[in-house]
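Notes for the structure review
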Amino acid sequence: MSLRKGRLQSQYTMIDGLTMHTRVSAEPVDAPVVILVHGVVVSSSYMMPTAELLAPDYRVYVPDFPGYGKSDKPKYTLELSELADSLCKWMDAVGIQRATMLGNSFGCQIIVEFAVRYGDRIERAILQGPTIDRHARTLPQQMWRLLLNSPLEDPSQAPLQAYDYWVAGWPRLVRTVQIALSDRIEDKLPYMHVPTLVVRGKEDPVVPQQWAEEVVQLLPNARLVVIPGGGHTLNYSRPLELTRVTRAFMESEDFQTKKHSIT
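In this report, the structure presented in the accompanying data block is examined. Keep in mind that this is a model prediction, so the values were computed, not measured.

Its location among the elements puts Ser 25 in strand β2 (residues 18-25). Side-chain polar atoms of Ser 25 contact the backbone nitrogen of Val 60, separated by 2.8 Å. With residues up to four places along the chain from it excluded, the contact list for Ser 25 reads Arg 7, Leu 8, Ala 55, Tyr 58, Arg 59 and Val 60.

Shown next as structure tokens:
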């Protein structure tokens, strides 16, 4: 397995009158496509540690959704269905017919929404830290869990997130959090008919083991992998481990459901 890092460069695409920014790997051109989907209010920047490790062997795309990162800011905050629509329109614009998608946190909610609406456009899914735990669907509960998670993350992530929050703006931040909290992902999971890998950091307080197992049980074809010692944002704090399980999942020709696998 190659552990070298690949390079990604910025690309800009016009979607519905808005410019979407994407970080794209330069090569290999004919490799399987992997789209990394960022979480709530943040941007593609915190997905880069994993993107760079996947880039030598896959065609990697990491878009900023409209309203976030370096993409244009619409006057209103896109709803979850509109984020999924934007992803599909962006795929059309850049010429991607089908892809594997890897998301973190709220990015998992976007992927699930996308898979239900555009099932023929997604090949496999990696849901890393899927939110929102239906047993803790309130802002105080989620804030407390995020506070508990903070010591588990790489300290260099905080400035990136703070900058992304500032770029998005307070109204968009508030509305996006409301959208995440109101999304009943558990109602959609049974209709997501693609091979799915659910990945959880073993110490993640945002996505407890009980909820991760429930997500896997609700999905028609899923497997759970737990990364020892990891928190909520493995794509930034444990990119090597996440890349390893992602590669193994993508390279497995005969995917069989295993409910409680642990690496």
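That shown, we press on.
Right, let's get into the sheet that holds β2. Hydrogen bonding along the main chain pairs the strands of a sheet, whether they run parallel or antiparallel. Taken in spatial order, the 8 strands of this open sheet run β1-β2-β4-β3-β5-β6-β7-β8, and their pairing is mixed. On the outer flanks of this sheet lie β1 (8-15) and β8 (222-227), each paired with one strand and no other. Direction aside, neighbouring strands of the sheet carry axes that sit 25 degrees apart on average. Pairing of β2 with strand β4 (residues 59-63), which is carried by 3 bridges, proceeds in the antiparallel orientation. Across the sheet, the residue bridging to Arg 23 is Val 62, located in β4. Packing against the sheet, helix α10 (residues 239-251) makes contact with β3 (33-37), β5 (99-104), β6 (122-128), β7 (196-201) and β8, and its axis sits at approximately 150 degrees to β6.

Turning next to the packing of aromatic side chains. All told, the structure shown has 3 aromatic pairs when counted by the stated rule. Each ring, one from Tyr 61 and one from Trp 90, has its centre 5.6 Å from the other, and the planes form 75 degrees; the classification is edge-to-face. Linking Tyr 61 in strand β4 with Trp 90 in helix α2 (residues 80-94), this pair joins segments that are 29 residues apart in sequence. Neither residue differs from the other here; Tyr 61 and Trp 90 are each classed as buried. Centre to centre, the rings of Tyr 163 and Trp 166 are 6.0 Å apart; their planes meet at 35 degrees, and the pair counts as tilted. Residue Tyr 163 and its partner Trp 166 are located together in helix α5 (residues 157-168), separated by 3 residues, close to a single helical turn. In terms of burial, Tyr 163 and Trp 166 fall into one category: exposed. A cation over a ring is seen here: Arg 124 above Phe 249, with NZ or CZ 5.1 Å from the ring centre.

One can find Glu 153 in the loop between α4 (139-149) and α5. Buried within the structure, Glu 153 lacks any salt-bridge partner; its nearest side chain of opposite charge belongs to Arg 238, at an N-O separation of 7.0 Å. In this structure the side chain of Glu 153 is engaged in a polar contact, spanning 2.9 Å, whose partner is the backbone nitrogen of Thr 233. A polar contact of 3.2 Å, which involves the side chain of Glu 153, links it to the side chain of Ser 237. For Glu 153, the residues in contact, after removing those within four places along its chain, are Gly 231, His 232, Thr 233 and Ser 237.

For the rest of this paragraph, the subject is the state of the cysteines. The tally for this structure, following the rule as stated, stands at 0 disulfides. Free cysteine Cys 88: the closest other cysteine sulfur is in Cys 108, separated by 19 Å. Given the relative accessible area of 0%, Cys 108 is considered buried.

Here we come to the pairing of β8. The element β8 is extensively covered by neighbouring structure, given that 6 of its 6 residues are classed as buried. Here β8 shows two buried faces, one formed by Ala 222, Leu 224 and Val 226 and the other by Arg 223, Val 225 and Ile 227. Here β7 pairs with β8 via 6 bridges, running parallel. If you follow Leu 197 over to β8, its bridge partner there is Arg 223. Chirality of the crossover, the property in question, places the unit of β7, helix α8 (residues 209-218) and β8 among those that are right-handed.

This brings us to a nonpolar patch on the surface. The grouping of Leu 139, Met 143 and Leu 146 at the surface amounts to a nonpolar patch, some 280 Å² of accessible area in total. For Leu 146, the position within the fold is in helix α4. Residue classification places Leu 146 among the partly exposed residues on the basis of a relative accessible area of 40%.

Conventions and cut-offs
Residues numbered from 1 in each chain as written. Predicted model: local features only at pLDDT ≥ 70, side-chain atom pairs only at ≥ 80, totals over all residues. Heavy atoms only, no water. Helix = DSSP H or I, 4+ residues; strand = E, 2+ residues; numbered from the N terminus. Polar contact = N/O pair within 3.5 Å; in protein donor to acceptor, adjacent residues only side chain to side chain. Contact = heavy atoms within 4.5 Å. Pairing = 2+ DSSP bridges. Axes fitted to C-alpha atoms, helices over the stretch in contact; angles between N-to-C directions. Phe/Tyr/Trp six-rings, centres within 6.5 Å; stacked < 30°, edge-to-face > 60°. Buried < 20%, exposed > 50% of the residue type's maximum accessible area, 1.4 Å probe, protein only. Lys NZ or Arg CZ within 6 Å of the ring centre and 35° of its normal. Lys, Arg positive; Asp, Glu negative; His and termini not counted. Salt bridge = Lys/Arg side-chain N within 4 Å of Asp/Glu carboxyl O. Disulfide = S-S within 2.5 Å. Right-handed = clockwise from strand over helix to strand, strands pointing away. Patch = residues over 30% accessible without salt bridge, like charges linked within 9 Å, V, L, I, M, F, W, Y side chains within 5 Å. Areas by Shrake-Rupley, 256 points an atom, 1.4 Å probe, with all protein chains shown as cover.

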